[in-house]
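Okay, here's what each chain looks like letter by letter:
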Amino acid sequence: MEDKEPLAEPVHVGEKRTCPEEDSEHIAKRAKVQDEANGSHATKRTEDDKEELEGEEEEEALEECDGEGESFADMMKYGLSEVDVGICKFVSEHNGFSGILKERYSDFVVNEISKEGKIVRLDDLSVPVEPEHPGVVGSVYLFDLVLIVICSVKTSYPGLETKTEERDGKKFIVAYHAAGKKALAAPRKHSWPKNRGSFCHFVLYKENKDTMDAINVLSKFLRVRPNVFSYMGTKDKRAITVQEIAVLKISAERLAHLNKCLMNFKLGNFSYKKHPLKLGELQGNHFTVVLRNISGSDEQVEHAMTSLRATGFINYYGMQRFGTTAVATHQVGRSILQNNWSEVMDLILKPRPGAEKGYLVKCREEWAQTQDPEAALKKLPVKRCVEGQLLRGLSKYGKNNIITAFGLIPRNNRLMYIHSYQSFVWNTMVSRRVEAYGLKAVEGDLVLKGGTAHVLSAEEAEKESIHDIVMPLPGFDVIYPTHEVGKGYRDMLAADNLDIDNMRHKVKDYSLAGAYRRILIRPSDVSWEVIHYDDARVPLVYTDVEKLENKPLPVYLTEGKYRALKMEFSLPPSTYATMAIREVLKMDTSIKNQTQLNTVWLN
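This report concerns the structure included in the present document. Please read these numbers as outputs of a predicted model, since none were measured by experiment.

**Quick notes on the pairing of strand β18 (residues 562-571)**
- Counted residue by residue, β18 has 9 buried out of 10 residues, so it is predominantly covered.
- Bridge count between strand β10 (residues 284-292) and β18: 7 bridges; the pairing is antiparallel. Across the sheet, residue His286 finds its bridge partner in β18, namely Ser570.
- Of the pairings in the sheet, the one linking strand β17 (residues 524-533) to β18 comprises 8 bridges and is antiparallel in character. Each bridged residue has a counterpart across the sheet, and for Ser527 the counterpart in β18 is Glu568.

Pasting the structure below:
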């Protein structure tokens, strides 16, 4: 898993510009290791059209709400800090220094590492040229020698048109049906070539959007459901990210056409395969990160980065796992596990300080005053957020049936809460483990042998590396360390009125099997350099798109007003780059702290 929440105030960017061709018709549980076409006279709309129209109305309402309430910096003073979620310890001995993370979203670049171990790059925007497929009406490439054949064919197939193109010094005749761009943009399902893989794989480059937002934008333009897309992992929002995506029976031509329509997106490296992608198939992610306005000396930077490469960092769950407001997601998760549904409802809907849009504030105030889900829902232009979905459920099923009402929230969102609680427990316990026993394996620690957890004896501990030690996320299918930290798990859950020996819930979805997670992670492919610059907003990373467009490399000064640390490293899945950066800086990476740094520097 990667960072998915901003670490500084988001920059509003446009997601699209209208495609001229489409403008008129666009409507708008075993335990495991956690590495991981409407006509002009139509009288009805389909459900999809209703959803898209609702989405557009929500976007308009959002624009009207922009600018309401406190500034982002003021709101974030109520946010969580690292100690609030169990993040307390460091493993290196160097003196920390300050630096600003994600001052620009282009300061944080993520390239997926494929299941073959290659860093995914966007370096080819061309559409694959395919040979002729008998019996398929589509784009067919023929040599000049068969012109006369084309003429004969056109008499047999009215509407077939041709044009000559020159590619790589060779002439081709392109044959296509004259039904026009509309027909080409939405080919019939039966026209998909039989010997072409059903899935078009492509590399998606995106800026300042998370993976699901990007998929929703693509599906909206292609007029398909989001579930025809598959991917190996979700990526950050406030970042530039590059990852592989697969889509069912959408041609490379259609996908490439979106490059003319969308801002902050680029699609390329197209290929056809017989299989989709699966979550978790990736080997990890490669990060290029710029920390601006650093205070550390060159010697401090060298010491910090050398330690990161040699020892690594504590594999904490990052701040984005726990939300951005005063009500943390793990608090909701704890209430779910306690079967305290009135508190679940209250935690999600009650007024709270922190980073919230004005419309959410009004919705919460209405709920606090009236406890009327329909009245609160009317204050909410974005009905598809968690609050809106819960209010819809309460309106439909009543406040005496909160479990069913809560079920209207998508499953992944519901599970996020209990996984957040597990993460909170893990963070807290690993901090205790490092405090108690340091960076060596000890008797009672756990290691994995063939996927099964094994308790180390004193003799075995002498031969084990700290990098092999794992700790459990609580659940019914894990074991716990047999030293004092194991007892700490039991005490912590008991204090939360939870029975560590009974982690099965009466609602099956909320039963926790548990998992194991390594204590320390050592990054690979670590490199770094200190950069001097004068302009706080000058780009300091050379992106895949800039390379494709042959833009000049960033110019680094030998001396400048500011200094930045540019670092690169690779991490396995389900680890947080922000926690590696935290180890380098030895400072709080929460939005609360980073926003304060941004405000001081920029003001």
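**Some details on the packing of helix α9 (residues 341-349) against helix α12 (residues 386-397)**
- Viewed as axis vectors pointing N to C, α9 and α12 meet at an angle of 135°, and their least axial separation amounts to 10 Å. With respect to α12, the element α9 is oriented oblique. For α9 against α12, the interelement crossing comes out left-handed. Residues Met345, Ile348 and Leu349 of α9 touch α12, and the partners they reach there are Val386, Glu387, Leu390, Leu391 and Leu394.
- Per-class residue counts for the contact of α9 with α12 are 7 nonpolar, no polar and 1 charged.

**As for the packing of helix α10 (residues 358-370) against α12**
- At a minimum axis distance of 12 Å, the contact between α10 and α12 shows a crossing angle of 30°. Relative to α12, α10 is oriented roughly parallel. α12 is crossed by α10, and the crossing has left-handed handedness. Along its contact with α10, which presents Leu360, Cys363, Arg364 and Trp367, the element α12 presents Glu387, Leu391 and Leu394.
- Per-class residue counts for the contact of α10 with α12 are 5 nonpolar, no polar and 2 charged.

**Quick notes on the packing of aromatic side chains**
- Following the criterion strictly, the structure yields 12 aromatic pairs and no others.
- Taking 5.9 Å as the distance between ring centres and 65° as the angle between the ring planes, the aromatic pair formed by Phe108 and Phe287 counts as edge-to-face. Highlighted residues: Phe108 in strand β2 (residues 108-113) and Phe287 in strand β10, separated in sequence by 179 residues.
- Given the relative accessible area of 1%, Phe287 is considered buried.

**A short note on the pattern of salt bridges**
- The final tally for this structure, using the stated rule, is 17 salt bridges.
- Note that Glu387 is salt-bridged to Arg364, the shortest N-O span being 2.8 Å. Taken together, the residues span a long stretch of sequence, with Glu387 in helix α12 and Arg364 in helix α10 at a distance of 23 residues. Arg364 carries the same exposure label as Glu387, and that label is buried.
- A salt bridge links Asp509 to Arg411; the nearest nitrogen and oxygen atoms lie 3.3 Å apart. Of the two residues, Asp509 sits in the loop between α16 (484-495) and β15 (515-518) while Arg411 sits in helix α14 (residues 411-437), which places them 98 residues apart along the sequence.

The rules behind each value
- Residues numbered from 1 in each chain as written.
- Predicted model: local features only at pLDDT ≥ 70, side-chain atom pairs only at ≥ 80, totals over all residues.
- Heavy atoms only, no water.
- Buried < 20%, exposed > 50% of the residue type's maximum accessible area, 1.4 Å probe, protein only.
- Helix = DSSP H or I, 4+ residues; strand = E, 2+ residues; numbered from the N terminus.
- Pairing = 2+ DSSP bridges.
- Axes fitted to C-alpha atoms, helices over the stretch in contact; angles between N-to-C directions.
- Parallel < 35°, antiparallel > 145°, perpendicular 65-115°, else oblique.
- Left-handed = near helix turned anticlockwise from the far one by under 90°.
- Contact = heavy atoms within 4.5 Å.
- Nonpolar A, V, L, I, M, F, W, Y, C, P; charged D, E, K, R; others polar.
- Phe/Tyr/Trp six-rings, centres within 6.5 Å; stacked < 30°, edge-to-face > 60°.
- Salt bridge = Lys/Arg side-chain N within 4 Å of Asp/Glu carboxyl O.

As far as function goes, none of this settles anything; it's purely spatial.
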